[in-house]
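Summary of the model geometry
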There are 2 protein chains.
Amino acid sequence: MRVTLRDVAERAGVSIMTVSNVINGNRARVSPETIERVQRIAAELGYVPSASARSLSARSSRLIGLLVPAADEDSLMISPHNVAMVGQIERELRRLGYHLLLRGIANQREVTEALQSWSLDGAILLGFLDEQVDGLTAKTVGSVHVLAIDSYSTNPLTIGPRSDDFTGARLATRHLLDLGHRRIVFAGPAFTGVGVVHERFEGYRQAHADVGATWDGQFIETVNTTHADGRELGLGLLDRHPEATAVFATADVLAIGIMRGLAESGVRVPDDVSVVGFDDLDLCEYAVPRLTTVSQDITAKAATAVRMLIDSIENGARPSEPVTITVSLVKRESTAPAPHQ
Amino acid sequence: MRVTLRDVAERAGVSIMTVSNVINGNRARVSPETIERVQRIAAELGYVPSASARSLSARSSRLIGLLVPAADEDSLMISPHNVAMVGQIERELRRLGYHLLLRGIANQREVTEALQSWSLDGAILLGFLDEQVDGLTAKTVGSVHVLAIDSYSTNPLTIGPRSDDFTGARLATRHLLDLGHRRIVFAGPAFTGVGVVHERFEGYRQAHADVGATWDGQFIETVNTTHADGRELGLGLLDRHPEATAVFATADVLAIGIMRGLAESGVRVPDDVSVVGFDDLDLCEYAVPRLTTVSQDITAKAATAVRMLIDSIENGARPSEPVTITVSLVKRESTAPAPHQ
DNA sequence: CCATTAAGGTTTAGCGCTATACTTCGGATG
DNA sequence: CATCCGAAGTATAGCGCTAAACCTTAATGG
């Protein structure tokens, strides 16, 4: 059936442990000739170590869980922005010799099960709400190292990297202000006093303060971050806010929906109204006009997440505070100087 | 540390095997009261079975690998169309009590390693080229059940579901022909006598035959399926094919790129030229004009793939021929009757 | 010349689980 | 009354691997 250490050992006329040492590069205890012979025979026989046996014996699985929210019986809820992340995370883990278990999580209980069952060395939470991250306790995670991406939860167990939402929004809004816009609509989902959207709102507000402009609460539009809801908003935007000349949306798909709504109601982008998004999806290049947006360095975020996690696993280096990934503004065609009223 | 069967057994005053039987629902051999007691204590102690120990002992891991091509040191190559698939596959597997190991594959050798290392029960190949699928032999896959999605490889080891590319292309082309178009450009990557693109080309050709129209080899445009290449093509399209009134592109991003190129060179879509894509990404709804395209039922494809694989694992039901997933044409705004010349 | 050390191994004891065979005991059967 | 049987367990033997302790042999040093 399966080629085991024993098979290789017998064929090579040495003990199982010697083979194990060779396979694991524990060369100090084996002579060069033996190493060579064992390696040759292992290759000949097509020996592949059994990961389950290894993790059982060594109580380290080199397995990392990528936990993603999923309503029961429902598909994974990976936002377009997070999709690119899972590929990057897998690559980074593979580079470091770890494997990725992708797992949808329907409820708190499943977290424990997911973490313990495969004796994961670590896990990354992607796309969970801050409240859900808050809910994790030492008991639920056990000895597994856990880290949440893009979370503003203060749970010390889950500290991970997040994008600099505040600066991103500040940059975007400042860009609009610099172009002469003074009535800028903030479009995003409902938010509380903490979290991604709150940060972006604070950035929006700070940008106004930076240039001594006033901002008006009436320009805050609460809307789901979908294309359809964006279009809806765009359609009636100038009816509700006749003086508005720009929109900062907290997500690209939302921004693109808004652009469509505006276009359909005869408003030209960027001539009449400028629009800025957030995320820098591929989509932005495809949109007409191409969308100005805030770019997050996904590769850096993924790499940082993985490195923080592995560092914590291998060196016990538990991070004490979140790492902020810098963002940048990508100027494209959806923004232009404010029209003269 | 970890709560094991032994812990539960000791606390319940029974043998390890009895607990094991209870946990695995092997109730025939245990009295109702014992079942109740063991279950209560297991819950109290927060017992979670060790998957590695299980798979080592039972030589069945309930682990399925999702193998995706990835250049060495490079991120996973998941096409936008396949992205949705991984979520669906994970859901389906989770429903059936399996777990998903996501793994990038840089070369043939890694396939064996990926399959054997975790003693996978099965694996799904997503996005591999037909040649790569052809290359898998009984030796490389061992006793692991393998299945390739969207492959036209004739390798009997990997038979899986694929979309009905032929019919999709035929539908799309027929739609254009029915609108009166007679000079329809076929835009897609280079292809040989077998594979996805070839099937779509055959569908394109068949549609012409269906209505007694002739098709012309000069209308075949070989182009990478990227937005940028599409735009390039769109820019010069009417220079190269002044009589063309429609384009069938083998992918949505390509189609959307073409639409942009056409728009930039002053050609109106759909008034002057109609465009049809393939895949039905979310993107199509966002494009301006919204893209008419061929829709693949991703949920069905994922569910079919998982069911075929699990069926093969649990009942040894090796499929003898590929399953074809039906496709449909989604008419949106990028197609219109052919203009009068 | 004996103790020490280093190199190059081997042996032992599990990791947590499951499959299989075995035990025990209170009835039902011939 | 001896036998058989089913219900409800238990004991044993691994799955493939690793950590840690143990063993040889030959060279070194005081």
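Residues numbered from 1 in each chain as written. Chains lettered and ligands numbered in written order. Predicted model: local features only at pLDDT ≥ 70, side-chain atom pairs only at ≥ 80, totals over all residues. Heavy atoms only, no water.

Once that is clear, we can look at helix α3 (residues 32-45) of chain A. Residues and elements named next belong to chain A. For α3, spanning 14 residues, the distance from its first C-alpha to its last is 20 Å, which sits close to the expected 20 Å at 1.5 Å a residue. All of the buried residues in α3 are Thr34, Ile35, Val38, Ile41 and Ala42. The buried residues of α3 occupy an angular sector of 140 degrees when projected down its axis, which confines them to one face. Exposed residues on α3 whose side chains face more than 90 degrees from its buried face are Pro32, Glu33 and Ala43. Here the buried face of α3 lies against α1 (5-12) and α2 (16-23). (Helix = DSSP H or I, 4+ residues; strand = E, 2+ residues; numbered from the N terminus. Expected span 1.5 Å × (residues − 1). Buried < 20%, exposed > 50% of the residue type's maximum accessible area, 1.4 Å probe, protein only. Arc of directions from axis to C-beta. Contact = heavy atoms within 4.5 Å.)

In this structure, Phe248 and Val275 of chain A together with Phe248 and Val275 of chain B are the most contacted members of the largest nonpolar core, which totals 88 residues. Excluding anything up to four places from it in sequence, Val275 of chain A contacts Val247, Ala255, Met259, Leu262, Val269, Leu291, Thr292, Ser334 and Thr335 of chain A. Judged by nonpolar contacts, the second largest core, of 47 residues, contains Leu76, Met85 and Ile124 of chain A together with Val68 of chain B. (Core = buried A, V, L, I, M, F, W, Y, C linked by side-chain atoms within 4.5 Å.)

Per the stated rule, a full pass over the model turns up 0 disulfides over all chains. Looking at the unpaired Cys284 of chain A, the closest cysteine sulfur is the one in Cys284 of chain B, lying at 17 Å. Since its relative accessible area comes to 0%, Cys284 of chain A is described here as buried. (Disulfide = S-S within 2.5 Å.)

All names here are of chain B. Mapping Glu44 onto the fold places it in helix α3 (residues 32-45). On the basis of relative accessible area, Glu44 is assigned to the partly exposed category, the value being 48%. In this structure the C-alpha to C-alpha distance between Glu44 and Leu115, which are 71 residues apart in sequence, comes to 36 Å.

Let's shift gears to the protein's contact with DNA strand C. What surrounds DNA strand C is a group of 25 residues, the closest being Ser15, Met17 and Thr18 of chain A together with Leu5 and Tyr47 of chain B. Here DNA strand C approaches the protein such that, of its atoms within 4 Å, sugar and phosphate make up 66%. In this structure, a phosphate oxygen belonging to DNA strand C sits 2.6 Å away from a main-chain N or O atom of Leu5 of chain B. Contributions of two or more residues to the surface near DNA strand C are made by α2 and α4 (51-58) of chain A together with α2 (16-23) and α4 (51-58) of chain B. Considering every element that reaches the surface near DNA strand C, the biggest residue donor is α4 of chain B, with 4 residues. (Near = heavy atom within 4 Å. Polar contact = N/O pair within 3.5 Å; in protein donor to acceptor, adjacent residues only side chain to side chain.)

What follows deals with the protein's contact with DNA strand D. What surrounds DNA strand D is a group of 26 residues, the closest being Leu5, Ser20 and Tyr47 of chain A together with Ser15 and Thr18 of chain B. In DNA strand D, atoms within 4 Å of the protein come 63% from sugar and phosphate. Between DNA strand D and Ser50 of chain A there is a distance of 3.3 Å, counted from a phosphate oxygen to a backbone nitrogen or oxygen. Elements supplying a minimum of two residues to the surface near DNA strand D: α2 and α4 of chain A together with α2 and α4 of chain B.

Another point: the relation of the copies chain B and chain A. The transform that puts chain B on chain A rotates by 180 degrees and translates by 0.1 Å along the axis, for an RMSD of 0.1 Å. Here the transformation between the copies is reduced to the relation of a two-fold axis. (Least-squares fit on C-alpha atoms with pLDDT ≥ 70 in both.)

For the rest of this paragraph, the subject is the interface of chain B and chain A. Counting residues at the interface gives 49 residues for chain B and 48 residues for chain A. Together, the buried faces of chain B and chain A total about 4,400 Å²; carbon and sulfur atoms form 60% of this surface. For the pair chain B and chain A, the number of links is 0 salt bridges. Where chain B packs against chain A, one counts 20 residue pairs in polar contact (both at pLDDT 80 or more). Those elements that provide at least two residues to the side of chain B that touches chain A are α4, α5 (80-95), β2 (99-105), α6 (108-117), α12 (252-264) and α13 (283-286) of chain B. When its residues are assigned to classes, the side of chain B that touches chain A shows 22 nonpolar, 14 polar and 13 charged. Note that strand β2 (residues 99-105) of chain A and β2 of chain B share 3 bridges and pair antiparallel. In the strand pairing of β2 of chain B, Leu100 of chain A is matched with Leu102 of chain B. (Buried area = accessible area lost by both parts, 1.4 Å probe. Salt bridge = Lys/Arg side-chain N within 4 Å of Asp/Glu carboxyl O. Nonpolar A, V, L, I, M, F, W, Y, C, P; charged D, E, K, R; others polar. Pairing = 2+ DSSP bridges.)

Whether parallel or antiparallel, the strands of a sheet pair through hydrogen bonds between backbone atoms. All names here are of chain B. Overall, mixed pairing links the 6 strands, which are arranged β7-β6-β8-β9-β10-β12 in an open sheet. Two strands lie at the open edges of the sheet, namely β7 (220-222) and β12 (327-330), each paired on one side alone. Neighbour-to-neighbour, the strand axes of this sheet turn through a mean angle of 20 degrees, independent of strand direction. For strand β10 (residues 292-296) and β12, the ladder comprises 4 bridges, and the chain directions are antiparallel. Each bridged residue has a counterpart across the sheet, and for Gln296 the counterpart in β12 is Val327. Against the sheet, α12 makes contact with β6 (184-188), β8 (246-249), β9 (274-279) and β10, and its axis sits at roughly 160 degrees relative to β9, the strand it touches most. (Axes fitted to C-alpha atoms, helices over the stretch in contact; angles between N-to-C directions.)

Attention shifts here to the packing of α2 of chain A against α3 of chain A. Residues and elements named next belong to chain A. Contact pair α2 / α3: the axes reach a minimum separation of 10 Å and the direction vectors enclose 85 degrees. Comparing the axis directions of α2 and α3 gives the class roughly perpendicular. Residues Thr18, Val19, Val22 and Ile23 of α2 lie in contact with α3, whose contacting residues are Thr34, Ile35, Val38, Gln39 and Ala42. Taken together, the residues of the contact of α2 with α3 break down into 6 nonpolar, 3 polar and no charged. (Parallel < 35°, antiparallel > 145°, perpendicular 65-115°, else oblique.)

We now examine the pattern of salt bridges. Residue and element names in this part refer to chain B. Applying the stated criterion across every chain yields a total of 46 salt bridges over all chains. Its salt-bridge partner being Glu92, residue Arg307 comes within 3.4 Å of it at the nearest N-O pair. Highlighted residues: Arg307 in helix α14 (residues 298-315) and Glu92 in helix α5, separated in sequence by 215 residues. With relative accessibility at 3%, the residue Glu92 sits in the buried group. Residues Arg290 and Glu285 are paired through a salt bridge, measuring 3.0 Å at the closest nitrogen-oxygen approach.

Here we take up the sheet that holds strand β12 (residues 327-330) of chain A. All names here are of chain A. Strand order in the open sheet formed by 6 strands is β7-β6-β8-β9-β10-β12, and the pairing between neighbours is mixed. In this open sheet, the two edge strands, each paired with only one partner strand, are β7 (220-222) and β12. For this sheet, the mean angle separating the axes of adjacent strands, direction not counted, is 20 degrees. Of the pairings in the sheet, the one linking strand β6 (residues 184-188) to β7 comprises 3 bridges and is parallel in character. When the sheet's bridge partners are listed, Ala187 is paired in β7 with Glu221. Running at roughly 170 degrees to β6, helix α10 (residues 196-210) makes contact with β6, β7, β8 (246-249), β9 (274-279) and β10 (292-296) of the sheet.

In this section: empty space enclosed by the protein. Taken as a whole and assessed by the stated rule, the structure comprises 2 cavities of 30 Å³ or more. As a volume, the largest cavity reaches approximately 90 Å³. Every residue lining the largest cavity is listed: Ile256, Leu283, Tyr286, Ala287 and Val288 of chain A together with Ile256, Leu283, Tyr286, Ala287 and Val288 of chain B. Listed by contribution, the elements that provide at least two residues to the lining of the largest cavity are α13 (283-286) of chain A together with α13 of chain B. Class assignment of the residues belonging to the lining of the largest cavity gives a composition of 10 nonpolar, no polar and no charged. (1 Å grid on protein atoms, 1.4 Å probe; cavity = no way out; pocket = protein on both sides within 12 Å on 5 of 7 lines; lining within 4 Å. Points joined across faces, edges and corners; volume = space filled by probe spheres on them.)

With that settled, the discussion passes to the UniProt feature "domain: HTH cro/C1-type" (unreviewed entry) in chain A. The positions UniProt marks with the feature "domain: HTH cro/C1-type" (unreviewed entry) are residues 4-38 of chain A. Helix makes up 66% of residues 4-38 of chain A and strand 0%, whereas the separation of the span's terminal C-alpha atoms amounts to 13 Å. (UniProt positions renumbered as here; feature names shortened; annotations may be inferred.)

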